[in-house]
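The chain contents come next:
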Amino acid sequence: MTQTVQFTVRGQTVDGAELFRHVFAEYGRPAGRPYHPAFVKLYSGLTRPELLVRHVRHLRSLLQRARYDVTNKVTLDVGCGYGVSALLLALFGASESHGLDCQTRALETFHSMLDTLPLRLPVYPALADSARLPYGDGAFDALLAVEAISHFRRVDDFLSEAARVLRPGGVLLISDANNEANWARAWRTRRIWSAFENGPSTDNCYGHKITRPFVQQRREIIAQASPDLSEEELDFLSKGTSGLWKPEIKAAVRRYAETGERPQHVYRRGTCPLDPTIGHYGEFLFQPLALGRRIEKHGFRARVASHFGGARGGTVEKLNLFLTWQPLTPLSIRVARAFTIVARRL
């Protein structure tokens, strides 16, 4: 049986797959602004109803876990990437759906996608850092960070900002697959860290493409900023600036030029490396229960749960409902593929 995904927007029925077909048809026209290639790779499948159903079911399940209806609410998706979830939240009925990300190319694609839509939706992209949200106090009813918090460098600053921009009683919803309590996922992620930092370049490191390792990217930043450095200097400076991003790398190189002081930020195996071009982590690991307690220190009441998938529906979805039962969390979190945290602003 053919699946359909329909939404009601201001009394008008909108076919979801047809909407995304419009998005990607516009992309192919000469007048259209180009999308980021990763957006096309990741989301062009949403033109197929059976794949869109899974994406919609996943986002709805997160909201259901929070027992939250976004209808007529003001929402913010932090780390929104290309804006697909922000768009869906508007289709779910949010009165305003804001999406924030720190990557310029992602936001350019987000704007281009909105420009192709055949209807106007209350979706508002913003280029900013998660640690400095450009909104007023109490501006939002709900804030989401879906597969995003593991990339934030300043998590406590983000949590403080989340508490500030949420209204009392507002919901912070976090979902992430970087579950350190699951030893198998943690082992795999630490191998990914090492590959991102030191290479080698590969098309597939546990599903990740590594074009230029971070140490190589730092070397290029240093060489561009200080073209007179020797190969030996480029070598020890690129290795000694691990965990820093572009402005900090340049500052360390200036100190070296002025004082001869070598930077000592050498990569240690088992630590999450920092992307030197955008200043965010690749995939930081969290102990979910500890993260829940950390969130509560910022003025929330938090509830942590395991997550096992279920976007395809069927047996896996039903099993997920059982395994995410709150009393089982201390045990189930050790084998869960991901975790969710629902936090209410006090």
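Here, the structure is the one placed above.
Residues numbered from 1 in each chain as written. Predicted model: local features only at pLDDT ≥ 70, side-chain atom pairs only at ≥ 80, totals over all residues. Heavy atoms only, no water.

Participant: How would you summarise the pairing of strand β6 (residues 140-146) if you had to cite specific residues and measurements?
Facilitator: Looking along a regular strand, one sees side chains alternate from face to face of the sheet. When you tally the buried positions in β6, you get seven out of seven residues, the bulk of the element. The sheet contact formed by β6 and strand β7 (residues 166-176) spans six bridges and is parallel. In the sheet register, L143 faces β7, and the bridge partner there is L172. In terms of handedness, the path from β6 via helix α6 (residues 155-165) over to β7 forms a crossover that is right-handed. (Buried < 20%, exposed > 50% of the residue type's maximum accessible area, 1.4 Å probe, protein only. Helix = DSSP H or I, 4+ residues; strand = E, 2+ residues; numbered from the N terminus. Pairing = 2+ DSSP bridges. Right-handed = clockwise from strand over helix to strand, strands pointing away.)

Participant: Provide a residue-level description of a nonpolar patch on the surface, including the pertinent values.
Facilitator: Taken together, W183, W187 and Y206 make up a surface patch of nonpolar side chains, about 420 Å² in accessible area. Secondary-structure assignment places W187 in helix α7 (residues 183-198). In this structure W187 comes out as partly exposed when scored by relative accessible area, which is 47%. (Patch = residues over 30% accessible without salt bridge, like charges linked within 9 Å, V, L, I, M, F, W, Y side chains within 5 Å. Areas by Shrake-Rupley, 256 points an atom, 1.4 Å probe, with all protein chains shown as cover. Salt bridge = Lys/Arg side-chain N within 4 Å of Asp/Glu carboxyl O.)

Participant: Account for the sheet that holds strand β4 (residues 96-101), naming residues and giving values.
Facilitator: Ordered in space as β5-β4-β3-β6-β7-β11-β10, the seven strands form an open sheet in which the pairing is mixed. Here the strands that pair on one side only, and so sit at the sheet edges, are β5 (123-127) and β10 (300-307). Looking at each pair of strands side by side, their axes are set apart by 15 degrees on average, direction ignored. Pairing of strand β3 (residues 74-78) with β6 involves three bridges; the strand directions are parallel. Paired with L76 across the bridge in β6 is L143. The sheet strands contacting helix α5 (residues 104-116) are β4 and β5, and the helix crosses β5 at an angle near 160 degrees. (Axes fitted to C-alpha atoms, helices over the stretch in contact; angles between N-to-C directions. Contact = heavy atoms within 4.5 Å.)

Participant: Go over the pattern of salt bridges, please, and point to the residues and values.
Facilitator: Side chains that differ in sign of charge can pair as their charged atoms come close. Under the criterion given, the structure shown has 14 salt bridges. Notably, a salt bridge pairs D235 with R219, separated by 3.8 Å at the nearest N-O pair. Within this pair, whereas D235 is found in helix α9 (residues 231-239), its partner R219 is found in helix α8 (residues 214-225), the two being separated by 16 residues in sequence. One salt-bridge network, held together by shared partners, links R219, E231, D235 and K239.

Participant: Any chance you could break down the nonpolar core for me, citing the residues and the numbers?
Facilitator: Ranked by internal contacts, the top residues of the largest apolar core, which has 47 residues, are F39, F92 and L121. Looking at this core, the elements that each hand over two or more residues are β1 (6-9), α1 (16-27), α2 (37-43), α3 (49-65), α4 (84-92), α5, β6 and β7. Not counting residues up to four positions away in its chain, the partners in contact with F39 are V23, F24, S44, Y82, V84, T109 and M113. Core analysis: the second largest hydrophobic core is formed by 33 residues, A128, A145, A148 and A162 among them. (Core = buried A, V, L, I, M, F, W, Y, C linked by side-chain atoms within 4.5 Å.)

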